[in-house]
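For reference, the chains in residue letters:
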Amino acid sequence: MKRKTSLLSLFLLVFPIFAAAQEPGYPQVDTLVLRRDSLDTARGVIRSIPDTIYFTYSADAIFTKKVSLEEEMTFSPIRIVDTPIAPMVHLADPVERLARARSCRLSYHFEEALSAIQQALMWADDAQAAEIEAEYSLILNAMSLSDNCQTPVAVMKKQFSLKDFYLYFPFADRSFRNTPNVFDSGDGLIPTYAPKNCKTVYFSAPDDGGTRDIYMSEDRDSCWSAPVLINESMVTIGNEIAPVLSPDGKTLYFASDALYGMGGYDLYKCQWDEETRSWGEPVNLGFPFSSPADDYMIMESEDGKYILFASNRECHGSENVYIYVIQHEADPATKSVTDPGELLALSLLEPSAEQAQIDNTVIGTWNGEQNSGTLYMEVFAKTEELRGTIDQLSEDIGKLEGRLASEEDELIRESIAKAIDAKKEEKQKAEKALEDLSSEFGNLEDLLSNASSLNTSIVSDQADTEIVGAGEAYVFKKNRMGTALKVKVQPWKQDSRSQFKITPVGHFGPDGSLPKEGFYYQIFFLESKRRVYSEDLGGLNPVYERQTKRLQYQYYAGVFSCYQDALHALNEVRRRGFPDAVIAAYSGASPISVEEALELEAAAPQED
C-alpha cells in the first residue's frame with residue numbers, strides 16, 4: 001500500500017505537465033522520461049519540473065490498455081533512466097511565445113495572440129518583461145478596436161513608392177518642402193507641408209532626443225512665431241508625423257507609433273475647441289483605418305466626399321505603400337468583428353465594382369499644343385530650382401563668413417573655412433548649370449509669354465505631371481515638390497521666470513523656493529511609498545517633494561511660468577524614464593486645474 005501511495009503522489013506531481021503536453025499544436029507524448037538524479041529536485045517543486053522533464057515520441061505507450069485508477073498504480077508511469085537525454089525546447093519559452101504573439105497580431109488572430117502573450121508573460125524574466133508587456137498592450141488595444149469596426153466603402157487603391165507617395169495625395173501642387181528646411185531640421189519620412197501663402201503651418205520635427213512631435217507656427221508678417229507643441233496628449237516618447245488639417249480647419253489628422261493603437265503607426269484625429277481655443281484629445285480613427293501595420297497619412301478631399309490614407313498593410317517589404325480612396329461618412333456605423341478572416345478582408349478595402357466614376361479633373365485633354373509646352377515647363381521648373389539653390393547657398397556663405405570673422409579658436413576657424421569653400425564650390429556648379437540652361441533656351445520667361453501657340457495657364461497645370469489610374473474609378477496626379485522655405489522663424493526660448501534643466505545628477509529644489517502666490521506649472525513624474533534619492537531623479541533639476549494624506553511621496557520637476565515651457569520639459573522628463581509624467585498647475589500652495597492656469601496665463605500681461 002505504501003508503494004502505491006508513493007507512486008500516486010509522484011504521478012499526481014507530474015501529471016499536470018504531462019497533460020499540458022497534449023495541448024493542440026504539440027505532438028502526442030508516448031513516454032514521460034525523468035532523470036534519476038532529478039527526482040529529488042523535482043519532488044514537490046512544481047515550477048522546476050519543466051526544467052527536468054524530457055519527452056520521447058517513439059517509445060511504447062505508458063499504459064498498454066485502459067485500466068481503473070487503482071489498477072494504474074500497478075504500472076510505472078515514469079521510466080527512469082541514468083543516461084543523459086538532450087532536453088527539448090521549453091514549451092513556454094518567452095521569446096518564442098512573444099514572436100508567435102506578434103505574428104498572430106499582425107495576421108489579425110487576436111485571440112491566439114492573447115493566449116501566446118499570456119504564456120510569455122508567465123515565464124518572462126525581468127529583462128524580457130517590458131517588451132512582452134508592450135506587446136500585451138497592443139494586443140488588448142487591437143481586440144478593443146475590433147469591437148467597433150467601421151465598414152467603409154472603398155473606391156480605389158493603388159501602390160506607390162514610400163519615398164514619394166505623399167505627392168499623389170490631392171494637395172496643392174508644390175506644397176511639400178524637402179527636409180531639412182527652416183521648420184524641420186531632420187530627415188523625415190514626409191516633408192513639411194507648407195502651401196503657398198499659408199498663414200499657419202503644422203509640421204513634424206525631431207526633439208533633442210530624436211523622436212518626432214507635432215508643432216505649429218504662425219506667419220506674423222515679418223517673422224514666423226516660435227514653433228509650439230500642440231498639447232500634452234500629443235507629447236509622447238514615440239513619433240507623431242504627417243499632420244494634415246481638414247478643409248474646414250477644425251480637424252487635425254496625424255499618425256503616431258506611441259499613442260493607444262494596434263501597433264506600428266496608427267491614424268488619429270483631434271478636434272478644435274472654439275471655447276478653449278485649443279486642440280482636444282487625440283482619438284484613434286479605429287479599424288480599418290488603423291491596423292497592426294504602418295498607417296502613415298490621412299486626409300479629406302476638398303469637397304468632403306472622400307477620405308484618402310496610406311498604409312503598408314498589403315506590402316511585402318518596407319519600400320511601398322498603398323493609397324486607399326474611400327467614401328467619407330460623417331457618422332459611420334460600427335460592428336464587432338472577431339473572426340480573423342473577416343478582419344483581414346475588411347483591412348484590404350477592396351474597391352466596390354458598383355462605384356460610379358469620380359469626377360476627377362486632373363486628366364484634362366492632352367493634345368499636341370499642350371505637349372509642346374511640357375519641355376519648356378520642365379526647363380522653367382529647373383531654372384526656378386537652381387535660382388533657389390543659389391540664393392540659399394549665398395545666404396549660407398554669408399552666415400559662415402560672419403562666424404569666421406568672430407571665431408578665435410584656430411581649429412574651429414579652419415573647419416569653418418573648409419565649409420565656406422565647399423559651399424562656394426556648390427554654388428559655382430549651380431551657377432554653371434543655370435548658365436547652360438540660359439544659353440540653350442534663352443530667357444524662359446520671355447519664351448513662355450511670347451509663344452502665341454502655347455496656353456501657358458494649362459501647361460503650368462499639366463506639364464511634367466504623372467497620371468496614375470486613368471480610366472479607373474479614381475485618378476492620381478503626381479504633384480511636384482516645392483522650393484526651399486525662405487522665411488525667418490523665431491527660436492523657442494524658455495521664459496526667464498521658468499526653472500528647469502537637466503544635470504548629470506538630479507537635484508532637489510531648496511525648501512520654501514516655490515512661489516507663494518500666482519499661478520505656475522510643474523511636472524508630476526513619480527509617486528513612491530518611500531523617499532527617493534538624487535540618483536533616482538534622472539538628472540531632473542529642480543525637483544520638489546510633496547507628501548499626500550495617505551503618506552505617499554510625490555515628486556514634481558521644475559517651476560514654469562508658461563504652459564509651453566512645461567510642454568517642452570514634459571517631453572524631456574518622459575524620455576528620462578518617466579513615461580507617465582503629466583503637467584500639474586498650482587496657485588501658490590493650492591493645486592488648480594491646468595485649464596484654470598491656462599486662463600490665468602491668457603489674461604496675464606505678456607512679456608516681450
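Refer to the structure presented above.
Now for a description of the structure that goes with this document. Quantities reported herein were computed from a predicted structural model and do not represent experimental measurements.

Analysis parameters
- As a convention, each chain's residues are numbered from 1 in the sequence order in which they are written.
- Only residues with pLDDT of 70 or above have their local features reported here, since the model is predicted, and side-chain atom pairs are shown and tallied only from 80 upward, although totals for entire chains, interfaces and linings are computed over all residues.
- Think of the side-chain values as coming from all heavy atoms in the structure, minus any hydrogens and water.
- Each salt bridge in this description consists of a side-chain nitrogen of Lys or Arg and a carboxyl oxygen of Asp or Glu lying within 4 Å of one another.
- Starting at the N terminus, helices and strands are each numbered in turn, a helix being any DSSP run of H or I of at least four residues and a strand any DSSP run of E of at least two.
- Accessible area is worked out with a 1.4 Å probe on protein chains only. A residue is then buried under 20% of its type maximum, exposed over 50%, and partly exposed in between.
- Here the expected length of a helix is defined as 1.5 Å per residue gap, with one fewer gap than residues.
- Each patch is built from residues lacking any salt bridge and having more than 30% relative accessible area; the joining distance is 9 Å for like charges and 5 Å for nonpolar side chains (Val, Leu, Ile, Met, Phe, Trp, Tyr).
- Under the convention used here, a 1.4 Å probe and the Shrake-Rupley method define accessible areas, while residue burial counts only the protein chains that appear.
- For the purpose of counting charges, residues Lys and Arg are taken to be positive, whereas Asp and Glu are taken to be negative. His and the chain ends are not included.
- Taken as the charge location is NZ of Lys, CZ of Arg, CG of Asp or CD of Glu.
- Aromatic rings from Phe, Tyr and Trp, with only the six-membered ring used for Trp, were paired whenever their centres fell within 6.5 Å, and each pair was classed as stacked if the ring planes differed by under 30 degrees, edge-to-face if by over 60, and tilted otherwise.
- Only Lys NZ and Arg CZ are tested; either one counts as a charge over a ring when it is within 6 Å of the ring centre and within 35 degrees of the ring normal.
- Should DSSP find at least two bridges between two strands, the strands are taken to pair.
- All axes here are fitted lines through C-alpha atoms, helices being fitted over the stretch that makes contact, and every angle between N-to-C directions spans 0 to 180 degrees.
- In what follows, residue pairs with any heavy atoms lying within 4.5 Å of each other are defined as contacts.
- A cavity, in this analysis, means grid points on a 1 Å lattice covering only the protein atoms where a 1.4 Å probe fits yet has no way out; a pocket is instead an open set bounded by protein on both sides within 12 Å along at least five of seven lines, and a residue lines either one if it has an atom within 4 Å of a point.
- Grid points are joined across faces, edges and corners, and a volume is the space filled by probe spheres set on the points.

Turning our eyes to something else, we now look at the pattern of salt bridges. On inspection of all chains with the given rule, the structure shows 25 salt bridges. In this structure, D396 and K423 form a salt bridge, with 3.3 Å as the shortest nitrogen-oxygen distance. One end of the pair, D396, is in helix α9 (residues 374-406); the other, K423, is in helix α10 (residues 410-441), and 27 residues separate them in sequence. Judged by relative accessible area, which is 25%, K423 ranks as partly exposed. The salt bridge involving E545 is made with R531; its shortest N-O contact spans 3.2 Å.

An α-helical segment advances 3.6 residues per turn. Residues three or four places apart therefore align on the same side. With 20 residues, helix α6 (residues 126-145) should reach 28 Å at 1.5 Å per residue; the first-to-last C-alpha distance of 29 Å fits that figure. Among the residues making up α6, those that are buried are I132, E135, I139, N141, A142, M143 and L145.

The subject of this paragraph is a negative patch on the surface. Among the surface-exposed residues, D273, E275, E595, E596 and E599 lie close enough to one another that they form a single negatively charged patch. Among the secondary structure elements, E275 is positioned in the loop between β14 (266-273) and β15 (278-279).

Aromatic ring pairs are described here by two measures, namely the spacing of the ring centres and the angle between the planes. Tallying each qualifying case throughout the model produces 31 aromatic pairs. Seen in terms of ring centroids, Y265 and Y296 are 5.8 Å apart; in terms of plane orientation they differ by 45°. Their pairing is tilted. Within this pair, whereas Y265 is found in the loop between β13 (251-256) and β14, its partner Y296 is found in strand β17 (residues 295-300), the two being separated by 31 residues in sequence. Taking the relative accessible area as the measure of exposure, Y265 reaches 15% and is therefore buried. Relative to Y586, the ring of Y520 has its centre 5.8 Å away and its plane inclined at 15°; by these criteria the two rings are stacked. Of this pair, Y520 sits in strand β24 (residues 519-528) while Y586 is found in strand β28 (residues 582-587), placing the two residues 66 residues apart along the sequence. The burial state of Y520 is the same as that of Y586; both residues are buried. Site record: aromatic cluster; members linked through ring pairs are F165, Y166, F169, F171, F176, Y193, Y265 and Y296. A cation over a ring is seen here: R313 above Y324, with NZ or CZ 5.6 Å from the ring centre. The positively charged end of R546 is found above the aromatic ring belonging to Y556, 4.5 Å away from the centroid.

It is worth spelling out the pairing of β13 at this point. For β13, the buried fraction is high: six of the six residues fall into the buried class. Hairpin connection from strand β12 (residues 240-245) to β13: five residues lie between these consecutive antiparallel strands, with G249 at a positive phi of about 75°. Note that β13 and β14 share six bridges and pair antiparallel. What sits directly across from L252, in β14, is C270.

Read across the open sheet, the five strands follow the order β26-β27-β24-β28-β29; overall the sheet is antiparallel. Edge positions in the sheet fall to β26 (543-547) and β29 (590-592), since each has one partner strand and no second. The average angle at which neighbouring strand axes cross in this sheet is 45°, direction not considered. Here β24 pairs with strand β27 (residues 553-560) via six bridges, running antiparallel. Among the inter-strand pairings, F524 is bridged to a residue of β27, identified as Y556. Those strands touched by helix α13 (residues 563-575) are β24, β27 and β28, and its axis lies near 20° from that of β24.

Once that is clear, we can look at the layout of surface pockets. Of the volumes computed, that of the second largest pocket is approximately 920 Å³. Taken together, 31 residues line the second largest pocket, and the ones lying closest to its centre are P180, Q392, T483, A484 and L485. When residues of the lining of the second largest pocket are traced back to their parent elements, those giving at least two are α9 and α10. Residue contributions to the lining of the second largest pocket peak at twelve residues, all from α9.

Glancing now at unusual backbone geometry. Residue T179 is joined to P180 through a cis peptide bond whose omega torsion reads 0°. As for its position among the elements, P180 is in the loop between β6 (176-177) and β7 (192-193). Backbone torsion omega between F287 and P288 reads 10°, so that peptide bond is classified as cis. Among the secondary structure elements, P288 is positioned in the loop between β16 (283-284) and β17. Unlike most non-glycine residues, Y108 shows phi in positive territory, near 70°. Along the chain, Y108 falls in the loop between α4 (94-106) and α5 (110-123). In this structure Y108 comes out as buried when scored by relative accessible area, which is 4%. We note that L349 has phi near 50°; this positive angle belongs to a residue other than glycine.

On to the sheet that holds β17. Hydrogen bonds between backbone groups are what pair the strands of a sheet, and the pairing can be parallel or antiparallel. Overall, antiparallel pairing links the four strands, which are arranged β5-β19-β18-β17 in an open sheet. Two strands lie at the open edges of the sheet, namely β5 (154-161) and β17, each paired on one side alone. The average angle at which neighbouring strand axes cross in this sheet is 15°, direction not considered.

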